[in-house]
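Understanding the architecture of this molecule
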Amino acid sequence: MLSERLKNITPSVTVGISSKVKDMKASGIDVIGLSIGEPDFNVPEKAKEYGKRSLDENKTKYDLVGGILELREEICKKLLKENKVNYTPDQIVLSSGAKNSITNVLLALTNPGDEVLLPLPYWVSYSEIIKVTNAVPVEIQTKKENNFKLQKEELLAAITDKTKLIVITNPSNPTGSVYTKEELEEIASVCLEKGIYIIADEIYEKITFTENFTSVAALNEEIKDITITINGFAKCAAMTGLRLGYTASNSEIANAMCSIQSHIVSHPSLTAQYIGLGALVECEDEMQHMVDTYKKRCELITNRLDKIENIGYVKPSGAFYIFVDLSKVKENYEYTDSFSIKFCEDFLNAEKVAVVPGKSFGIDEYIRISYACDEESFLEGVNRLERYISKFI
Ligand SMILES: Cc1ncc(COP(=O)(O)O)c(C=O)c1O
């Protein structure tokens, strides 16, 4: 009865774990939730004011499909100032979250059967959105010793005559790795030569702990033309539930996405757009404070993990996750199908700490810990992890 496209789609593991944590908390169990990629900050007050004012002024009618002009202009200013890329407002398409933006790109660019390259480990929803749109996700193995960053040779080996797109997540979820300009140049030059479009998911771009973040589209004009940058307000302005994302692309792709979006959602909620506008215009300091806090937390959690023997992790340069290597634990752990799924279930039941199995990002001997929460919680979570794994090493 249901559509064929549902056959291979699995519900989001991270959303599933957070629902379980909510249920456990509701039944009085004291759980430490380190699974969700959601900032523990509130939307900055000055940004909220923009939303409240827009409602008072009855800005609640249908508006432009690509998003309100003031916000698209402000995004162009931000892209020029921070990312050193020049776009015009007609090249920006606002949507109801980065997930929605990624879907728009895939609907606009792929035909059924087209291949979309996903370097492992990758954020859980890409493969499922790709399948929903009837394209084909193709995983590319990357190496631990390169911090799981894609290398030119690995990319070249994965390209076929069906390859249409590649997704580069920078900073990465789940590893927090950030590509250097040179690394991006190597990958993007191959894409240019082979005629492959690049989805550059830069939603964590503001949360970087290195000085020199490079946007893929900033590399050169030709690369900019084949790149669709994904960004949004969920992570940098703590606006997860307000659902606001955007793309920056060439005008042809932007027009195609607007055409699709006009029939599906028209445009994202106007109130969310005004709050996003407020965040960009008024809340630079608040957003910087969030980044500084994540940086401090990153130091705290990595210092603590350094004291635990027999585990490793990818040193993060951005986002708010640590990808922890439990391969030594795996050697002595009893499981049938997936080590990390079994480990995370057992760890949640035994120690009441929720983390995400690496399997959901395509790498089974790892788990992902989110430190988008107060330091007491994640440090206690790591204490319990140390206690739990000591039984298996
Ligand atoms: C890499 C990446 N892209 C996109 C998203 C989705 O963002 P949004 O909430 O704006 O849809 C997430 C959320 O976790 C993410 O980690």
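On a predicted model such as this, the values are computed, not experimentally measured, just so you know.

Packing of helix 4 (residues 98-109) against helix 9 (residues 251-264) brings their axes to within 9 Å, and their N-to-C directions diverge by 110°. Of the possible angle classes, the one that applies to helix 4 and helix 9 is roughly perpendicular. For the pair helix 4 and helix 9, the crossing hand works out as right-handed. The residues of helix 9 that touch helix 4, namely those facing Asn100, Asn104, Val105, Leu107, Ala108 and Leu109, are Ile253, Ala256, Met257, Ile260, Gln261 and Ile264. Per-class residue counts for the contact of helix 4 with helix 9 are 9 nonpolar, 3 polar and no charged.

Next up on the list: the site of the ligand. Around the ligand lies a shell of 13 residues, among which Ala98, Asp201, Tyr204, Lys235 and Arg243 are the nearest. The contact in question runs from an oxygen atom of the ligand to an N or O atom on the side chain of Asn173, over 2.8 Å. Tyr204 is positioned such that a nitrogen or oxygen atom in its side chain is 2.7 Å from an oxygen atom of the ligand. When the free accessible area of the ligand is taken as 400 Å², the share hidden by the protein chains comes to 93%. Considering only residue class, the shell around the ligand consists of 6 nonpolar, 3 polar and 4 charged.

Turning our eyes to something else, we now look at the domain arrangement of the chain. Here the chain is described as being made up of domain 1 (4-42 + 285-392) and domain 2 (58-282). With 36 residues of domain 1 at the interface, the matching set in domain 2 holds 34 residues. Interface of domain 1 and domain 2: buried area, both sides summed, is about 3000 Å²; carbon and sulfur atoms make up 63% of it. On the domain 1 side of the interface with domain 2, the three residues burying the most area are Met287, Ser317 and Phe361, jointly 21% of the side's total. Along the contact surface separating domain 1 from domain 2 lie 1 salt bridge. Across the pair Asp325 and Lys144 runs a salt bridge whose closest N-O atoms are separated by 2.9 Å. If you look at where domain 1 meets domain 2, you find 13 residue pairs in polar contact (both at pLDDT 80 or more).

Our focus in this paragraph is the sheet that holds strand 8 (residues 245-248). The strand order across the open sheet built from 7 strands is 2-8-7-6-5-3-4, with neighbouring strands paired in mixed fashion. The strands lining the two open edges of the sheet, one partner per strand, are strand 2 (92-95) and strand 4 (136-140). Strand after strand, the sheet turns through a mean of 25° between neighbouring axes, direction not considered. Judged from the 3 bridges that link them, strand 3 (residues 115-119) and strand 5 (residues 163-169) form a sheet pairing that is parallel. In the strand pairing of strand 5, Glu115 is matched with Thr163. Against the sheet, helix 4 makes contact with strand 2, strand 3, strand 5, strand 6 (197-201), strand 7 (227-232) and strand 8, and its axis sits at roughly 160° relative to strand 7, the strand it touches most.

In this section: the environment of Glu139. Tracing the backbone through its elements, the reader meets Glu139 in strand 4. Beyond its immediate stretch of four places on either side in the chain, Glu139 contacts Leu118, Leu120 and Tyr122. Side chain to side chain, Glu139 and Tyr122 meet in a polar contact 2.7 Å long.

This brings us to unusual backbone geometry. Backbone torsion omega between Leu120 and Pro121 reads -5°, so that peptide bond is classified as cis. With respect to the secondary-structure elements, Pro121 resides in the loop between strand 3 and helix 5 (125-132). With omega at 25°, the peptide bond leading from Asn173 into Pro174 counts as cis. Note on placement: Pro174 falls in the loop between strand 5 and helix 7 (181-194). Backbone geometry places Phe148, a non-glycine residue, at a positive phi of 60°. Within the fold, Phe148 resides in the loop between strand 4 and helix 6 (152-158).

If you walk through the whole model with that rule in mind, you get 21 aromatic pairs. Between Phe347 and Tyr388, the ring centres sit 5.5 Å apart and the planes meet at 40°, which makes this aromatic pair tilted. Placement of Phe347 in helix 13 (residues 339-351) and of Tyr388 in helix 14 (residues 375-389) is noted, with a sequence separation of 41 residues between them. Since its relative accessible area comes to 1%, Phe347 is described here as buried. Among the aromatic residues, those joined into a cluster by ring pairs are Tyr333, Tyr335, Phe339, Phe343, Phe347, Tyr388 and Phe392. Geometry around Tyr87 places Lys224 over its ring, the cationic atom sitting 4.6 Å from the centre.

For the rest of this paragraph, the subject is the packing of helix 3 (residues 69-83) against helix 10 (residues 270-282). Any two packed helices are characterised by how steeply their axes cross, that is the angle between the axes, and by the distance between the axes. Running from N to C, helix 3 and helix 10 cross one another at 35°; their axes reach a closest spacing of 10 Å. In this structure, helix 3 crosses over helix 10, and the sense of that crossing is left-handed. When helix 3 is examined against helix 10, the residues Glu70, Leu71, Glu74, Ile75 and Lys78 are found in contact with a partner set consisting of Gln273, Tyr274, Gly276, Leu277, Leu280 and Val281. Taken together, the residues of the contact of helix 3 with helix 10 break down into 6 nonpolar, 2 polar and 3 charged.

By the element assignment, Leu117 lies in strand 3. When the C-alpha positions of Leu117 and Pro137 are compared, they lie 6.1 Å apart, and in sequence the two are 20 residues distant. Residues within four places of Leu117 in sequence aside, it is in contact with Val138, Ile140, Leu155, Ala158, Ile159, Thr163, Leu165, Ile166 and Val167.

The terminal C-alpha atoms of helix 9 lie 20 Å apart, and with 14 residues this matches the ideal 20 Å at 1.5 Å per residue to within 8%. Burial in helix 9 covers these residues: Ile253, Ala254, Met257, Cys258 and Gln261. Seen along its axis, helix 9 keeps its buried residues to an arc of 140°; they face one direction. Opposite the packed face of helix 9, turned more than 90 degrees from it, sit the exposed residues Glu252 and His263. The distance from a side-chain oxygen at the start of helix 9 to the backbone nitrogen of Glu252 is 3.1 Å, and the residue carrying that oxygen is Asn250. Ser266 lies just past helix 9 and shows a positive phi near 65°.

About the cut-offs
Residues numbered from 1 in each chain as written. Predicted model: local features only at pLDDT ≥ 70, side-chain atom pairs only at ≥ 80, totals over all residues. Heavy atoms only, no water. Axes fitted to C-alpha atoms, helices over the stretch in contact; angles between N-to-C directions. Helix = DSSP H or I, 4+ residues; strand = E, 2+ residues; numbered from the N terminus. Parallel < 35°, antiparallel > 145°, perpendicular 65-115°, else oblique. Left-handed = near helix turned anticlockwise from the far one by under 90°. Contact = heavy atoms within 4.5 Å. Nonpolar A, V, L, I, M, F, W, Y, C, P; charged D, E, K, R; others polar. Near = heavy atom within 4 Å. Polar contact = N/O pair within 3.5 Å; in protein donor to acceptor, adjacent residues only side chain to side chain. Areas by Shrake-Rupley, 256 points an atom, 1.4 Å probe, with all protein chains shown as cover. Domains from an automatic or database assignment. Buried area = accessible area lost by both parts, 1.4 Å probe. Salt bridge = Lys/Arg side-chain N within 4 Å of Asp/Glu carboxyl O. Pairing = 2+ DSSP bridges. Phe/Tyr/Trp six-rings, centres within 6.5 Å; stacked < 30°, edge-to-face > 60°. Buried < 20%, exposed > 50% of the residue type's maximum accessible area, 1.4 Å probe, protein only. Lys NZ or Arg CZ within 6 Å of the ring centre and 35° of its normal. Expected span 1.5 Å × (residues − 1). Arc of directions from axis to C-beta.

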